[in-house]
Amino acid sequence: MSQQKKYIFQVEEGKEGSDGRPSVGPVYRSIFAKDGFPDPIEGMDSCWDVFRMSVEKYPNNPMLGRREIVDGKPGKYVWQTYQEVYDIVMKLGNSLRSVGVKDEAKCGIYGANSPEWIISMEACNAHGLYCVPLYDTLGADAVEFIISHSEVSIVFVEEKKISELFKTCPNSTEYMKTVVSFGGVSREQKEEAETFGLVIYAWDEFLKLGEGKQYDLPIKKKSDICTIMYTSGTTGDPKGVMISNESIVTLIAGVIRLLKSANEALTVKDVYLSYLPLAHIFDRVIEECFIQHGAAIGFWRGDVKLLIEDLAELKPTIFCAVPRVLDRVYSGLQKKLSDGGFLKKFIFDSAFSYKFGYMKKGQSHVEASPLFDKLVFSKVKQGLGGNVRIILSGAAPLASHVESFLRVVACCHVLQGYGLTESCAGTFVSLPDELGMLGTVGPPVPNVDIRLESVPEMEYDALASTARGEICIRGKTLFSGYYKREDLTKEVLIDGWLHTGDVGEWQPDGSMKIIDRKKNIFKLSQGEYVAVENIENIYGEVQAVDSVWVYGNSFESFLIAIANPNQHILERWAAENGVSGDYDALCQNEKAKEFILGELVKMAKEKKMKGFEIIKAIHLDPVPFDMERDLLTPTFKKKRPQLLKYYQSVIDEMYKTINAKFASRG
Ligand SMILES: Nc1ncnc2c1ncn2[C@@H]1O[C@H](COP(=O)(O)OP(=O)(O)OP(=O)(O)O)[C@@H](O)[C@H]1O
């Protein structure tokens, strides 16, 4: 670690481990914080200030937009200005007070992103309430858990989720007393609510309660909690991450500094498509940044099949995505290319190699090939609406082949960020036009300190010349603890350092590469440690599969996998190999399984994976892993305990068959 790292500088020495504590590497900070961390904007102490100050500065700017529906058809985006939104927020706040909601009460928001979602959140911010977001994809069990755990007394709910919310009754009514619909409420729903001792209001009805009343807004402190954000639970029960005003205002200051240092900036002209769940920290902080800049936020219609159409109409300038969305963009483009015939593909591939070649020589994506951008790649840009200048991927690892492809063809910056709910999202982000940062999450943002901690059981050494270890974060963006789980807080927050559970490797330029996850390792029966996400990332590069879940446990000596094949490729293979049957039948076909397994094994060998990392059997599910079956989180991460439960019988059968085969061979 002696060489000069361009994008970070050392602020503390590393230390050898002692008293059972592992060694820690040196503490590093972004070069953009060389003269100190950026202070939050003056006068901005809370989330409420973020919004309030923008209302004062940009009252007439469009803030929240949704598509107007004319004769059942979606039309243009219709906007509410900052001032208009503010007026509704104030009314809503008065209504909240008038039904007896007190300071620091917990207020649930359950539904897909919408203007009402943001308005409800801002009303909570105004009155110092703890906002508790609930993903619209959550079922009654999870909603009940969160409402009861966080003691939510009032819930704002999307109209179509009311029935799901009622399923949590009567258990949830120990705390929940009032429900406010984002839209209307039927007479039956009113009656049902009554039977549970609940009061339910339609949106307009609730707004009227506050009319003519004026309640003072409490003074908000930086240290106040503004949100209890429940993690989506890839590792077990959701945890209530308490996020303070300070975390958010510090994060915003860091984003401004970072963009400025990279010759970028958000402006009032920026437009954002709000479709990633606001209940997740990634989208929440991006929207806070947009609000702080007086920029515009347009909402999707809540249907993934209509996303591209909403994109085309809104024409956003910044497009945030989780890798799964970008994977779909990638495979959609690949399919179009292979369907387009030899000549089109040849021209595309040639243009791609030419432009990528110049980018590798250090040219920016704009300079590398303006001609091919215009002739070949402009269609891809148009597919995203035509105005996107930054694609930001976050929340999970982005496959390198998808990243490099998009960096060339999307004609905009493609950046990858890394963070946790506990670190208020963005902790690392790659920099524009730095091709060397491909496959990394870039250097730290300029408001945190980072150090690696050795993980001896996985042989990661934070003091080695190529330093590897668990990523630890220190700074004011960190959470204030898990709500009512002091025990869990103490496990991850030690001496001010958040232990992320993710393993990283410093790169020579000061970027971080996420190489492993401490949270999902297990031992096979012969004693070998398996870092399953790492392995899945490699198998994920195989074109013949859209998604793969690798499984093993300490009672078995080998790994198996469940995969969603790529339908197009599997059907093409079947046609070429004389295998008949529809897609569902193909997924059952032994030869088809052999083909997919063969492709995965080929990749494993190419990437020099160890013998025990090579999967020995596969099950093909034609239905992609989904949220409906509770197999994915709303940010499309695999819910491993649930996957195991769902596929348990298939897994038992696979192990039985293979073990019998091994036994018969002696
Ligand atoms: N760019 C990235 N590359 C790799 N992993 C990432 C990236 N961004 C986020 N992650 C992963 O996401 C984790 C944080 O996720 P988040 O805070 O959303 O929690 P969760 O997945 O919802 O729930 P849980 O804490 O229960 O796993 C990180 O610890 C890391 O493992």
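These numbers were taken from a predicted model, which means no experiment stands behind them.

Q: How should I be thinking about helix H17 (residues 532-539) in this particular structure?
A: In an α-helix, one full turn covers 3.6 residues, which means residues spaced three or four apart are oriented alike. Of the positions making up H17, those classed as buried are Val 532, Ile 535, Glu 536 and Tyr 539. Around the axis of H17, the buried residues are gathered within 100° of arc, so they sit on the same side.

Q: In this structure, what is going on with the packing of aromatic side chains? I would like to understand it.
A: Geometrically, a pair of aromatic rings is defined through the distance of the ring centres and the angle of the planes. Applying the stated criterion to the full structure yields 32 aromatic pairs. Plain terms: the ring middles of Tyr 330 and Phe 405 are 5.1 Å apart, the flat faces sit at 90° to each other, and that makes the pair edge-to-face. Taken as a pair, Tyr 330 in helix H11 (residues 323-339) and Phe 405 in helix H15 (residues 400-409) lie far apart in primary sequence, 75 residues in all. Here Tyr 330 and Phe 405 have matching classes, each one buried. Ring pairs connect the aromatic residues Trp 549, Tyr 551, Phe 558, Phe 625, Tyr 646, Tyr 647 and Tyr 655, which therefore count as one cluster. The side chain of Lys 34 reaches across the aromatic face of Phe 9, ending 4.2 Å from its centre. Seen from the ring of Tyr 130, Lys 106 lies directly overhead, with NZ or CZ sitting 5.0 Å from the centre.

Q: I'm lost on the domain arrangement of the chain in this one. Help?
A: Often, the extent of an interface is quoted as the loss of accessible area on bringing the components together. Per the domain assignment, the segments making up the chain are domain 1 (1-34 + 448-519), domain 2 (47-244) and domain 3 (524-665). Taken residue by residue, the interface counts four residues in domain 1 and four residues in domain 3. Across the domain 1/domain 3 interface, buried area totals approximately 370 Å², and carbon plus sulfur atoms make up 42% of it. When the buried surface of domain 1 facing domain 3 is broken down by residue, Glu 457, Asp 516 and Arg 517 rank first, second and third, together holding 74% of it. Measuring nitrogen to oxygen at the nearest pair gives 3.2 Å for the salt bridge that ties Arg 517 to Glu 533. Where domain 1 packs against domain 3, one counts two residue pairs in polar contact (both at pLDDT 80 or more). Taken together, the residues of the side of domain 1 that touches domain 3 break down into one nonpolar, no polar and three charged.

Q: Help me out: how do you make sense of the nonpolar core in this one?
A: Generally speaking, a soluble globular protein has its nonpolar side chains buried in company with each other. The biggest cluster of nonpolar side chains holds 135 residues, and the ones touching the most others in it are Phe 319 and Val 409. Mapping this core onto the domain boundaries places at least three of its residues in each of domain 1 (1-34 + 448-519) and domain 2 (47-244). Once residues within four sequence positions are removed from consideration, Val 409 is found in contact with Leu 333, Phe 348, Phe 352, Phe 377 and Val 380. Within the second largest apolar cluster, 36 residues are counted, among which are Val 530, Ala 574, Leu 597 and Met 609.

Q: How should a nonpolar patch on the surface be read in this particular structure?
A: A contiguous nonpolar patch, built from Phe 342, Leu 343, Phe 346 and Ile 347 and spanning about 480 Å² of accessible area, is present on the exposed surface. In this fold, Ile 347 is placed in helix H12 (residues 342-360). Judged by relative accessible area, which is 42%, Ile 347 ranks as partly exposed.

Q: Can you walk me through the UniProt feature "binding site: ATP" in the chain in this structure?
A: Look at the UniProt record and you will see "binding site: ATP" annotated at Ile 228, Met 229, Tyr 230, Thr 231, Ser 232, Gly 233, Thr 234, Thr 235, Gly 236, Asp 237, Pro 238 and Lys 239. Checked against the element boundaries, Ile 228 lands in strand E10 (residues 225-230). In contact with Ile 228, other than residues within four places in its own chain, are Lys 106, Tyr 130, Cys 131, Val 132, Pro 133, Gly 240, Val 241, Met 242 and Tyr 483. Here Pro 238 shows up in the loop between E10 and strand E11 (240-244). The contacts of Pro 238, once residues within four sequence positions are left out, are Phe 145, Tyr 230 and Thr 231.

Q: Would you explain the packing of H12 against H15 in this entry?
A: Two measures define how a pair of helices packs: the angle their axes make with one another and the distance between the axes. Axis separation between H12 and H15 bottoms out at 9 Å; the angle between their running directions is 95°. As summarised for this structure, H12 and H15 are arranged roughly perpendicular, according to the angle between their axes. Note on element contacts: H15 touches H12 through Ser 404, Phe 405, Arg 407, Val 408 and Val 409, opposite Phe 348, Phe 352, Lys 355, Phe 356 and Met 359. For the contact of H12 with H15, the class distribution of residues is seven nonpolar, one polar and two charged.

About the thresholds
Residues numbered from 1 in each chain as written. Predicted model: local features only at pLDDT ≥ 70, side-chain atom pairs only at ≥ 80, totals over all residues. Heavy atoms only, no water. Buried < 20%, exposed > 50% of the residue type's maximum accessible area, 1.4 Å probe, protein only. Helix = DSSP H or I, 4+ residues; strand = E, 2+ residues; numbered from the N terminus. Arc of directions from axis to C-beta. Phe/Tyr/Trp six-rings, centres within 6.5 Å; stacked < 30°, edge-to-face > 60°. Lys NZ or Arg CZ within 6 Å of the ring centre and 35° of its normal. Domains from an automatic or database assignment. Contact = heavy atoms within 4.5 Å. Buried area = accessible area lost by both parts, 1.4 Å probe. Salt bridge = Lys/Arg side-chain N within 4 Å of Asp/Glu carboxyl O. Polar contact = N/O pair within 3.5 Å; in protein donor to acceptor, adjacent residues only side chain to side chain. Nonpolar A, V, L, I, M, F, W, Y, C, P; charged D, E, K, R; others polar. Core = buried A, V, L, I, M, F, W, Y, C linked by side-chain atoms within 4.5 Å. Patch = residues over 30% accessible without salt bridge, like charges linked within 9 Å, V, L, I, M, F, W, Y side chains within 5 Å. Areas by Shrake-Rupley, 256 points an atom, 1.4 Å probe, with all protein chains shown as cover. UniProt positions renumbered as here; feature names shortened; annotations may be inferred. Axes fitted to C-alpha atoms, helices over the stretch in contact; angles between N-to-C directions. Parallel < 35°, antiparallel > 145°, perpendicular 65-115°, else oblique.

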